[in-house]
2 protein chains.
Amino acid sequence: MGNVRQERRSEIVEVALRLSEEHGLPAVSMRAIATGVGLTPMALYGYFRSKDDLLDGLVGRVLAEVPRPGPALGWRERLLVCARGAREVAHRYPRTFPLLLTRPVVLPEAVRVVDPLYGALLDAGVPGEQVAGLERMFSTFVLGFAVSEVSGRFGEGNLGTRQRRERAGPRELPAHHRLGEVLDLPVDWDAEFEKGLERLLETVGRAGSGERGPFTDGPDEPAVGEGERGGTRGRTDSDASPPA
Amino acid sequence: MGNVRQERRSEIVEVALRLSEEHGLPAVSMRAIATGVGLTPMALYGYFRSKDDLLDGLVGRVLAEVPRPGPALGWRERLLVCARGAREVAHRYPRTFPLLLTRPVVLPEAVRVVDPLYGALLDAGVPGEQVAGLERMFSTFVLGFAVSEVSGRFGEGNLGTRQRRERAGPRELPAHHRLGEVLDLPVDWDAEFEKGLERLLETVGRAGSGERGPFTDGPDEPAVGEGERGGTRGRTDSDASPPA
DNA sequence: ACCTGAACACCGTTCAAGT
DNA sequence: ACCTGAACACCGTTCAAGT
């Protein structure tokens, strides 16, 4: 089949990725890609309908490196592997990764990344109607955090707000002044990401155990969200709730 | 002082906003803005150092419409007002809003939006060292959700994955097949956003009450995150934990 | 102080033509 | 089938000049 065509296609995407990481996304022009692959700009249109199409290929190329854990691990570990893996990819391609938030997720690669997340949430006992929404919440956090980090959207953490804080006075920024010196500490992004994941996993566990609060008296199942250790003790298809 | 200058500046930003909403962000060019305001492109450089600088002005202009609730409301209500308000702004300026995720948050307008969130988290009892991180988690969700919604990153919800699901077969997308028809239901974005907020408020409540799990025996305070109904019964400054 | 004209070094894409 | 050349209608920005 059109295998040489596929080769050329991925060669083009590879050049685009290299250009993006070496000189930034704005440097990814059809003309620059073309010279990089040894062609005329017009030749690229034989492989991609438009530049947007080519950028979708770039998104797919990056998404392909996000790990997709199989059902061997427990659901918690699977979610962690996906989340940490995605963040690592962001650090690997810091100038390209922000594209993922800009472009729609209808690509087949995106669906392939989402599937293990759906599986993990189902195994956590999350009701079918809530799975997609919870997955979007989870992915939004992971993607948003990773993109913010590599694109500098978080600034250099809290640093640099100090001048502004002091210039503004307690009238305009009362909470900044209440927080005071805490805002001047450098941020440990690894720790913050892990903390966020921990919080989300707790939410998932609660959604998976029927969302009963501590005062709802239901069947006294062992609470999810406690003492999860490796192994294969995650639930399987058999106890996934029916779609109602 | 340079008041006529400020007038001109905001006139320029206003034209940029109109252009962006009417014809999309790519249509926001220095040349188009200039004709819109009745000047030569070069004249704009007297008011903004560069196009990026002008876009920062645009971000500030949009951020200025995000509500900043005072301390009259309870912390829960304040978080809800900020979150819902931000999402409404996204719906008001759907083609411009995605800029907020692209550009750094060092603008004074961004700090002004963050301050009430810090205040609410402090009033929820969140320890000082955790406030900034939790705020970033909250904002990442709100911004990420709103941007995904208006930029079409969420696709049309789950719809449209059906063809792909059926073409792929249970081998490649097992969880999609486990979920089955649930994925074909249309998504109620309002409800999903509210559900996400609810989950995050629960997390905030837990962080504010010392993060004890159901198996830690501590003082038997009434659990936060339960039975919250409207009204102004949120905590106030008086019971915020000191930064430690 | 505020603005303009001309110019530079770029873009994505179309279209007719080559082999 | 795959590629090229020339052209169109754009970009952001610099620089010298105008009033």
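Up top is the structure.
Residues numbered from 1 in each chain as written. Chains lettered and ligands numbered in written order. Predicted model: local features only at pLDDT ≥ 70, side-chain atom pairs only at ≥ 80, totals over all residues. Heavy atoms only, no water.

Caption draft 1: Focus on empty space enclosed by the protein. Following the criterion strictly, the structure yields 2 cavities of 30 Å³ or more and no others. Here the largest cavity defines a volume of roughly 70 Å³. Forming the boundary of the second largest cavity are Met-137, Phe-141 and Leu-200 of chain A together with Met-137, Phe-141 and Leu-200 of chain B. Breaking the lining of the second largest cavity down by element, the ones donating at least two residues are α7 (128-151) of chain A together with α7 (128-151) of chain B. Each residue belonging to the lining of the second largest cavity can be placed in one class, and the counts come to 6 nonpolar, no polar and no charged. (1 Å grid on protein atoms, 1.4 Å probe; cavity = no way out; pocket = protein on both sides within 12 Å on 5 of 7 lines; lining within 4 Å. Points joined across faces, edges and corners; volume = space filled by probe spheres on them. Helix = DSSP H or I, 4+ residues; strand = E, 2+ residues; numbered from the N terminus. Nonpolar A, V, L, I, M, F, W, Y, C, P; charged D, E, K, R; others polar.)

Caption draft 2: Spotlight on the relation of the copies chain A and chain B. Expressed as a screw operation, the relation of chain A to chain B combines 0.0 Å of axial shift with a rotation of 180 degrees, fitting to an RMSD of 0.0 Å. The superposition operator between the copies reduces to a two-fold rotation axis. Both copies contact each other with a shared surface, as 94% of the interface residues of chain A are interface residues in chain B too. (Least-squares fit on C-alpha atoms with pLDDT ≥ 70 in both. Contact = heavy atoms within 4.5 Å.)

Caption draft 3: Inspection of the protein's contact with DNA strand C at higher detail. DNA strand C sits among 15 residues. The nearest are Arg-31, Met-42 and Tyr-45 of chain A together with Thr-40 and Tyr-47 of chain B. Counting only the atoms of DNA strand C that lie within 4 Å of the protein, the sugar and phosphate share comes to 48%. Within the side chain of Ser-29 of chain A, a nitrogen or oxygen atom sits 3.1 Å from a phosphate oxygen of DNA strand C. In this structure, a phosphate oxygen belonging to DNA strand C sits 2.7 Å away from a side-chain N or O atom of Tyr-45 of chain A. Taken together, the residues of the surface near DNA strand C sort by class into 8 nonpolar, 3 polar and 4 charged. (Near = heavy atom within 4 Å. Polar contact = N/O pair within 3.5 Å; in protein donor to acceptor, adjacent residues only side chain to side chain.)

Caption draft 4: The arrangement of the pattern of salt bridges in detail. With the rule as written, the count across this model stands at 32 salt bridges over all chains. Glu-65 of chain A is the partner of Arg-92 of chain A in a salt bridge, and the nearest nitrogen-oxygen pair spans 2.9 Å. Here the residue Arg-92 of chain A occupies a position in helix α4 (residues 75-92), and Glu-65 of chain A occupies one in the loop between α3 (51-63) and α4, the gap between them amounting to 27 residues. A salt bridge links Arg-206 of chain B to Glu-202 of chain A; the shortest N-O distance between them is 2.4 Å. Of this pair, Arg-206 of chain B sits in helix α10 (residues 189-208) while Glu-202 of chain A sits in helix α10 (residues 189-208), which puts the two residues in different chains. (Salt bridge = Lys/Arg side-chain N within 4 Å of Asp/Glu carboxyl O.)

Caption draft 5: Summary view of the interface of chain A and chain B. Residue-level contacts link 65 residues of chain A with 62 residues of chain B. When chain A packs against chain B, the two sides together hide about 5600 Å² of surface, and 61% of this comes from carbon and sulfur. Where chain A meets chain B, there are 6 salt bridges. Counting across the chain A and chain B interface gives 12 residue pairs in polar contact (both at pLDDT 80 or more). Counting only elements with at least two residues in the side of chain A that touches chain B, the list comes to α5 (99-102), α6 (108-123), α7, α9 (174-179) and α10 of chain A. Here the side of chain A that touches chain B gets 14 residues from one element, more than from any other, and that element is α7 of chain A. (Buried area = accessible area lost by both parts, 1.4 Å probe.)

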